[in-house]
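# Structural characterization, general
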Amino acid sequence: MTPLDTAPKVSDEIRKTTCYMCACRCGIDVHLRDGKVAYIEGNRDHPVNGGVLCAKGSAGIMQHLSPARLRGPLRRRGPRGSGEFEGISWEEALALAASWLAPVRETAPEKLAFFTGRDQSQALTGWWAQQFGTPNYAAHGGFCSVNMAAAGIYTMGGAFWEFGAPDWERTKLLLLFGVAEDHDSNPIKIGLGRLKARGAKIVAINPVRTGYNAIADEWLGITPGTDGLFVLALVHVLMSAGKVDLDYLIRYTNAAHLVDDDPRSPTHGLFLRDAEGRELVWDRDRHRALPWDEPSAKPALSGTVNLGPTHAKPVFQLMAEAWLDPAHAPEAVAERCGIPATTIRRIAAELAEVAFEQAITLPRPWTDFRGTHHETMLGRPVAVHAMRGISAHSNGFQTCRALHVLQLILGAVETPGGFRFKPPYPRPVAAQPKPHHRVTPGLPLDGPQLGYPRGPEDLAVDAEGRPLRIDKAFSWEAPLAAHGMMHMVISNAVAGDPYPIEVLFLYMANMAWNSSMNTSAVMEMLTRTDASGDYVIPKIIVADAYSSEMVAFADLVLPDTTYLERHDAISLLDRPIGEPDLVADAIRWPVVEPTRPGHEGVRGFQSVLLDLGARLKLPGMVDAEGAPLYRDYADYMTRHQRRPGIGPLAGWRGDGNAHGRGEPNPDQIARYIENGGFWSQAVPEEAAYFKPWNTAWADFAMKIGLTDTAQHYTFQLYCEPLARFRAAALGRGEHQPPEHLRDRLAQATAPLPIWYPPFEESLVDPAEYPLHAITQRPAAMYHSWGSQNAWLRQIHGQNPLYVPGGLWDALGFAEGDWAHVTSPHGRITVPVARMDAVNPRTLWTWNAIGKRPGAWALAPDAPEATRGFLLNHLISELLPPRGDGLRWSNSDPVTGQAAWYDLRVRLEKAPPQTRSAPHATAQTSPVGRGPASVAFDGQWSGGDGVSARDRTL
């Protein structure tokens, strides 16, 4: 009998790099056997995941071996959307792209719309677009989470998810709002495990109880779009009971800053300032106004003071007047929220109990920016974490702001046990760029396209107030659209509103499918022709690694590598991997070389972009003689400097001994590889908390190049940039919005957080559309890539619509039934399943499981293409018509965030079906079909993950 080998040899070599299966960017060990990827596990030496790896990360091997991988450049030969292509050489592809782009740059650079998905290299792609000269650049954040990001920056100088995290080691009570499991999953899971082990309480506020919510100690199944009501009710109870950290508010926020409260004053709603421009507070002992940063000041938080020709109130007085109103009492909001008033009051009491009766003190001396020395660090061990669930609503910006106010009145931001920033944050609005939009043919844009406006003067509008960007970001329709509005690009370009474009250039953005609202209509728009029979969008270039739905609509396809075959910089200039106690960045590098036998081959998109930039002679990408400045992206990662001594990577600069700042080091990438693919440096203990006011943090941040000067500031309970836009809406100032936007802008830009009903809810008949419908990403998926992954498909090969138990019974559903779901925009027919752990007025499903037939190398009868579906078909990028002839974006009016969680629908039982509807026509697959099965017996079948006998080329 042959003895059983209980420890077979897994690999003959291990190479360490960074995962790309979600936005965690965990460290991984890639096991190679005979030069091919055999196994992936977590890197136990990595500072973020410490060896933990989720199902997505382990399944990266199937992403790398996917039969849907593109194999060479493609030029369209059939109609758009058909998927019919011919293979061409890289030289042909790049020459063709350059021939399309060069005349645009020389005549009207804004006619290029360059938008990217979850590419994680926005420091490069944004810089490239700036050098080209187009203002029309952004990534997918406007579709995903800009409400959260912008609200955090404008309020605190940092936000949830990539900018900060709970103090997992010291938190005693955690509130989770709308956090799905696809983002940052390993750090969150590790953190939640620590909380559970210590007996800390976790309260989840989410319409659906899945994932993190399922392991919470308490789940509150809130009604979608009412999170702001719930949060302001908590604020109401806490302020009514006097459970507010007044010392924290005075020292570290603008709660005491004086606001002009005279409606007749030209500065009504703005802060009062001295002759040097410093904001003023009222000293309660000396009875006079002093600068906010005067060390000896004893600021008043209440009352009204007369100053010269006007009168003013401290911000805290305005807060009390706004939120102590009975309209914010739990009893007034409970029915709309779907949470009993007694529960709201109990949660508020628990917050107060933990924050003030269970406060913690660390024996760490520190000195604040006023020069005051503190022997200890006082902590309020209440933490909050939030994500897309509160962001993807048309009231999401103000909801996120309200949530930050809740944290701040408890003194629970940047204190032990609370919410903490991850380097390179905190970074106040004053340290952020403003958006730029000045176009000059043949020259770079006048600055970065994305940024944070301080007032109407920073908008991207012309002298008549018309938008200058194709997506209308930074216009009066979305003044603080810090991430752009990718979901509006195609619709606006086809409508010629504000102008048509010549080239649509997309990278990793599946705009023909799950990354669009209004999916069916977007596919039609991409193929729409004018009176002469020409496509309304003349040219489409798509760069992707896989045969996605969007690839089928491209005129030119630039094939990317998989993440195991490329260089990447996970940079402090962009989206680094650090944690609150750790400054860190990382790389990816080709642990295996990209091979696509019998084809032209694939190239890393970043290298392709630099090549294309050199062909176009873009500044910074060619030398004085016009020769390419960088060989490839790896060379750029090593030698590029954004400012002197600061480049994409912070580790091992100069002679290899400098970190953060230093001259380029030709051996830098080799040092990263030797160290496991990352660089990290611990934040000094005395700098770990109170960062915005801590001199030790300021010194450390300057030393390692995060900042060039100390950036001390107060948290903004009252947001003056919003007050400036509101003043314009009310008719004051040089810059004025269009008349039809005044009322909406005046409401939405309230400088203290407010709540208003989501727009779609206000425009539809609640009797006709009584239900909410939402979609969320499952833990096993991240990008639409996930559901073509052989391993992950076994977890989510199809998706039902989950129906609350009470509604299920009322409509007489049974297992295996189908339903029609109708919105003001359209109808879908889908399989249904019962679920009792969901808000009783809410339907939901997993996102991006459904696929178009022929995409992703899947069989035409694959479950993803037959029983899988998207809610996106029911969601429009435009709100229902108001009868005024205007196109109203289905977005947050402040940030332009896509409001795809505002969807209202009705549900009815349908006859038995064989496939979901609508059912898109099949696209031809340029890579054929995948194998029926994949096996590993020391070598993956076919040598590259696809059995030769199962290929269709």
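Refer to the structure printed above.
Residues numbered from 1 in each chain as written. Predicted model: local features only at pLDDT ≥ 70, side-chain atom pairs only at ≥ 80, totals over all residues. Heavy atoms only, no water.

## Remarks on the overall build of the protein
A tally of regular secondary structure across the protein gives 25 helices and 34 strands. In terms of overall size, the protein behaves like a compact globule, its C-alpha atoms giving a radius of gyration of 27 Å where 953 residues would be expected to give roughly 30 Å. Across its three principal axes, the protein shows a C-alpha extent of roughly 85 × 75 × 70 Å. Partitioning the intrachain contacts of the protein with sequence separation of at least 6 by distance along the chain shows that 71% fall at a separation of at least 24. Looking at the protein as shown, the accessible area adds up to about 31800 Å², and 51% of this sits on carbon and sulfur atoms. Counting 92 positive and 104 negative side-chain charges, the protein places the centres of these two groups 2 Å from one another. (Helix = DSSP H or I, 4+ residues; strand = E, 2+ residues; numbered from the N terminus. Rg over C-alpha atoms; globule rule 2.2 N^0.38 Å. Contact = heavy atoms within 4.5 Å. Areas by Shrake-Rupley, 256 points an atom, 1.4 Å probe, with all protein chains shown as cover. Lys, Arg positive; Asp, Glu negative; His and termini not counted. Charge placed at Lys NZ, Arg CZ, Asp CG, Glu CD.)

## Describing the pairing of strand E6 (residues 112–116)
With respect to burial, E6 is a largely interior element, five of its five residues being buried. Residue alternation in E6 divides its side chains into two sets, Leu 112, Phe 114 and Thr 116 and Ala 113 and Phe 115, and both sets are buried. With two bridges joining them, E6 and strand E7 (residues 137–138) adopt parallel strand pairing. Note that in E7 the partner of Phe 114 across the bridge is Tyr 137. (Buried < 20%, exposed > 50% of the residue type's maximum accessible area, 1.4 Å probe, protein only. Pairing = 2+ DSSP bridges.)

## Looking at the packing of aromatic side chains
Summed over the entire model, instances satisfying the criterion amount to 37 aromatic pairs. Aromatic side chains Tyr 20 and Tyr 563 sit 6.3 Å apart centroid to centroid with 90 degrees between the ring planes, which places their arrangement in the edge-to-face category. Residue Tyr 20 is located in the loop between strand E1 (13–18) and strand E2 (27–33), and its partner Tyr 563 is located in the loop between strand E25 (556–559) and strand E26 (568–570); the two are separated by 543 residues in the primary sequence. We note that Tyr 20, like Tyr 563, is buried. Considering the side-chain rings of Phe 114 and Trp 128, the 5.4 Å spacing of their centres and the 70 degrees angle between planes classify their relative orientation as edge-to-face. You can see Phe 114 sitting in strand E6 and its partner Trp 128 sitting in helix H4 (residues 122–132), a full 14 residues away along the chain. Of the two residues examined, Phe 114 and Trp 128, each falls in the buried class. Grouping aromatic residues by their ring pairs yields a cluster made of Phe 160, Tyr 248, Tyr 252, Trp 366, Phe 419, Phe 421, Phe 690, Trp 693, Tyr 713 and Phe 715. Over the ring of Tyr 20 we find Arg 588, and its NZ or CZ is 4.0 Å from the ring centre. Its guanidinium or amino end placed over the ring of Trp 888, Arg 882 lies 3.9 Å from that ring's centre, counting from NZ or CZ. (Phe/Tyr/Trp six-rings, centres within 6.5 Å; stacked < 30°, edge-to-face > 60°. Lys NZ or Arg CZ within 6 Å of the ring centre and 35° of its normal.)

## A closer look at the layout of surface pockets
By rolling a water-sized probe across the atoms, one finds the places where empty space is left. Volume-wise, the second largest pocket comes out at about 570 Å³. Lining the second largest pocket are 26 residues, and of these Glu 279, Pro 428, Ala 430, Tyr 713 and Gln 716 lie nearest its centre. Put simply, the parts of the chain that give the lining of the second largest pocket at least two residues each are helix H6 (146–156) and helix H21 (720–729). In terms of residue count, the dominant contributor to the lining of the second largest pocket is H6 (four residues). In terms of residue class, the lining of the second largest pocket is made up of 13 nonpolar, eight polar and five charged. (1 Å grid on protein atoms, 1.4 Å probe; cavity = no way out; pocket = protein on both sides within 12 Å on 5 of 7 lines; lining within 4 Å. Points joined across faces, edges and corners; volume = space filled by probe spheres on them. Nonpolar A, V, L, I, M, F, W, Y, C, P; charged D, E, K, R; others polar.)

## Regarding the sheet that holds E26
Strands sit in the order E26-E27-E28 across an open sheet of three strands; the sheet is antiparallel. Pairing within the sheet leaves two strands with one partner each, and these edge strands are E26 and strand E28 (678–682). Strand-to-strand, the axes of this sheet are offset by a mean angle of 5 degrees, without reference to chain direction. As paired elements, strand E27 (residues 582–588) and E28 share five bridges and run antiparallel to each other. When the sheet's bridge partners are listed, Ala 586 is paired in E28 with Phe 678. (Axes fitted to C-alpha atoms, helices over the stretch in contact; angles between N-to-C directions.)

## Some points on the nonpolar core
With 299 residues, the main nonpolar core has Trp 128 and Phe 230 as its most contacted residues. For this core, the leading source of residues is helix H8 (residues 227–240), giving 10 residues. (Core = buried A, V, L, I, M, F, W, Y, C linked by side-chain atoms within 4.5 Å.)

## Remarks on helix H10 (residues 315–323)
Along H10, the residues that are buried comprise Val 315, Phe 316, Gln 317, Leu 318, Met 319 and Trp 323. Tucked inside the fold, the buried residues of H10 contact H8, helix H9 (246–252), strand E12 (258–260), strand E16 (310–314) and helix H14 (396–409).

## Thoughts on empty space enclosed by the protein
According to the stated counting rule, one finds 14 cavities of 30 Å³ or more in the structure shown. Reported here for the largest cavity is a volume of approximately 170 Å³. Class assignment of the residues belonging to the lining of the largest cavity gives a composition of four nonpolar, seven polar and three charged. Roughly 130 Å³ of volume is contained in the second largest cavity. Looking at the lining of the second largest cavity, the elements that each hand over two or more residues are helix H13 (388–391) and strand E29 (771–776). In terms of residue class, the lining of the second largest cavity is built from seven nonpolar, five polar and two charged.

## A look at the sheet that holds E2
The antiparallel open sheet is built from three strands, whose spatial order is E1-E2-E3. The open sheet has two edge strands with one neighbour each: E1 and strand E3 (36–42). Across the sheet, the mean angle from the axis of one strand to that of its neighbour is 30 degrees, orientation sign disregarded. Pairing analysis gives six bridges linking E2 to E3, with the strands arranged antiparallel. Paired with Val 30 across the strands is Ile 40, a residue of E3.

## Notes on the pairing of strand E30 (residues 801–804)
Side chains Leu 801 and Val 803 of E30 all project onto a buried face; the interleaved residues Tyr 802 and Pro 804 project onto the opposite face, where all are buried too. Bridge count for E30 against strand E32 (residues 827–835) is four bridges, and the pairing is parallel. Looking at E32, one finds that Val 803 is bridged to Arg 834.

## Some thoughts on unusual backbone geometry
Residue Pro 424 is reached from Pro 423 by a cis peptide bond, and omega for that bond is 15 degrees. With respect to the element layout, Pro 424 can be found in the loop between strand E22 (419–421) and helix H15 (489–495). Of note, the bond from Ala 917 into Pro 918 is cis; its omega dihedral lies within 30 degrees of zero at 5 degrees. Note on placement: Pro 918 falls in the segment after strand E34 (904–910).

## Quick notes on the pattern of salt bridges
Scanning all chains against the criterion turns up 59 salt bridges. Among the salt bridges present, the one from Lys 196 reaches Asp 217, with a minimum N-O distance of 3.6 Å. Of this pair, Lys 196 sits in helix H7 (residues 185–198) while Asp 217 sits in the loop between strand E10 (201–205) and strand E11 (218–220), and the two are 21 residues apart along the sequence. Between Asp 446 and Arg 438 there is a salt bridge whose closest N-O contact spans 3.1 Å. Owing to a relative accessible area of 33%, Asp 446 belongs among the partly exposed residues under this scheme. Accessibility expressed as a relative area gives 56% for Arg 438, which makes it exposed. Salt bridges sharing partners connect three or more residues here, namely Asp 167, Arg 170, Arg 420 and Asp 581. (Salt bridge = Lys/Arg side-chain N within 4 Å of Asp/Glu carboxyl O.)

## Topic: the packing of H4 against helix H17 (residues 605–615)
Orientation of H4 relative to H17, taken along the N-to-C sense of each, is 15 degrees, at an axis distance of 11 Å. Relative to H17, H4 is oriented roughly parallel. For the element pair H4 and H17, the recorded crossing hand is left-handed. Here Leu 124, Thr 125, Trp 127 and Trp 128 of H4 lie close against H17, whose contacting residues are Phe 605, Gln 606, Leu 609, Leu 610, Leu 612 and Gly 613. (Parallel < 35°, antiparallel > 145°, perpendicular 65-115°, else oblique. Left-handed = near helix turned anticlockwise from the far one by under 90°.)

## Notes on the side chain of Asn 492
Within the secondary structure layout, Asn 492 lies in helix H15. Residue classification places Asn 492 among the buried positions, given a relative accessible area of 1%. Residue contacts for Asn 492: discarding those within four places in its chain leaves Ile 470, Asp 471, Lys 472, Asp 497, Tyr 499 and Arg 887.

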